[in-house]
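# Structure at a glance
Now for the letters of each chain:
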Amino acid sequence: MNTTKVTITWKLALVLSISILLLLDFSNFYGLYSNRFYVFKVDNYIIPILSLIHFSYLYQFWHKVKENLFGSPKMRNLEYSLYILLLVYCFKFFDTLFIILSYFDYENSLFPKTFFPVGLSILVLYASLIVLTLLIFGYRKELIGTYLFDDMNQHVDHWN
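The rules behind each value
- Residues numbered from 1 in each chain as written.
- Predicted model: local features only at pLDDT ≥ 70, side-chain atom pairs only at ≥ 80, totals over all residues.
- Heavy atoms only, no water.
- Helix = DSSP H or I, 4+ residues; strand = E, 2+ residues; numbered from the N terminus.
- Expected span 1.5 Å × (residues − 1).
- Buried < 20%, exposed > 50% of the residue type's maximum accessible area, 1.4 Å probe, protein only.
- Contact = heavy atoms within 4.5 Å.
- pLDDT = per-residue confidence, 0-100.

With 21 residues, helix α3 (residues 46–66) extends 31 Å from end C-alpha to end C-alpha; this agrees with the ideal 30 Å at 1.5 Å per step. Those residues of α3 that sit buried are I47, P48, S51, H54, Y57, L58, Q60, F61, K64 and V65. Residues of α3 that are buried make contact with α2 (10–27), α4 (73–101) and α5 (115–143). N68 lies just past α3 and shows a positive phi near 55°.

Here we take up the confidence of the model for the protein chain. When pLDDT is averaged across the protein chain, the result is 87; 87% of the residues are at 70 or more. Mean pLDDT in the protein chain bottoms out at helix α1 (residues 2–7), which sits at 70, and peaks at α2, which reaches 95.

This brings us to the environment of F91. The residue F91 is located in helix α4 in this model. F91 sits in the exposed class, given a relative accessible area of 55%. In the structure, F91 is positioned 35 residues away from Y126 in sequence and 9.7 Å away in space, judged by C-alpha atoms.

By the element assignment, I100 lies in helix α4. Distance from I100 to L120, taken between C-alpha atoms, is 7.7 Å for residues 20 residues apart in sequence. When sequence neighbours within four positions are dropped, the list of residues in contact with I100 reads F115, F116, G119, L120 and L123.

What follows covers the side chain of Q60. You can see Q60 is positioned in helix α3. Looking at Q60, the relative accessible area reads 11%, which means it is buried. Leave out the neighbours within four places in its chain, and Q60 touches S72, K74, M75 and L78.

Encoded structure:
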């Protein structure tokens, strides 16, 4: 993890996370078996809607680091919901892996030529998003600090 922190700064991790999230939101509408985009399926909108939590956390992280602020209850709650979202990303990673490995079950079927390249790129995007999310958690702990449950209102100026 320390060698990853040396090569990927928090700013680069933030930019990479945002770009990967946008790519995954777009690719969520793509059907690997059919080589088509399905816009009218309600299931395809789950990940883009859930990624709004991730975008909100990344904005909170950027704002707290830029302004040199402490962690807030809002950011803590976003991080806790991002833990659950991380499980969804792991599920989508293994789901995509299962779809790619199903190629060998249906060898006699006709697959589109884009099946492996697009499938592997989606798989790599999910894996890198998982790693970057864990890396940003480490940066949050290092740059912003831990969340103090008993001392949450310690840094509030009551006279303003």
